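Examination of the molecular architecture
Single-letter residue listing:
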Amino acid sequence: MQQEKKVYTVQEVREILGVGRNKAYDLCDNQNFPVLRVGSRILIPIKTFEEWMYSGAAI
């Protein structure tokens, strides 16, 4: 049984939003942007990312 994916990487968010590397990391540093930090990795929960994206939040 394959588990459903729960998080995006910064690279995946870049591709979804069509932004560059610096902008993606700037977003991750924003307090209103949903991120999980696991060691040096930055992971973005899919559910909260989609809520953020569809809320009309400015990039």
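Figured I'd write up the structure that's included with this text. All values derive from a computational prediction rather than experimental measurement.

What follows deals with helix α1 (residues 10-17). Among the residues of α1, those classed as buried are Val10, Val13 and Leu17. Each buried residue of α1 lies within a common arc of 60° when the element is viewed along its axis, so the set occupies one face. On its buried face, α1 is in contact with β1 (7-9), α2 (21-29), β3 (41-45) and α3 (46-54). Phi turns positive one or two residues past the end of α1, at Gly18, with a value near 70°.

Membership of the largest hydrophobic core comes to 14 residues, with the highest contact counts inside it found for Val13, Leu17, Phe33, Ile44 and Phe49. Counting only elements with at least two residues in this core, the list comes to α1, α2, β3 and α3. Setting aside its immediate chain neighbours within four residues, Phe49 contacts Tyr8, Val13, Ile16, Leu17, Phe33, Pro34 and Ile44.

Parameters and conventions
- Residues numbered from 1 in each chain as written.
- Predicted model: local features only at pLDDT ≥ 70, side-chain atom pairs only at ≥ 80, totals over all residues.
- Heavy atoms only, no water.
- Buried < 20%, exposed > 50% of the residue type's maximum accessible area, 1.4 Å probe, protein only.
- Helix = DSSP H or I, 4+ residues; strand = E, 2+ residues; numbered from the N terminus.
- Arc of directions from axis to C-beta.
- Contact = heavy atoms within 4.5 Å.
- Core = buried A, V, L, I, M, F, W, Y, C linked by side-chain atoms within 4.5 Å.

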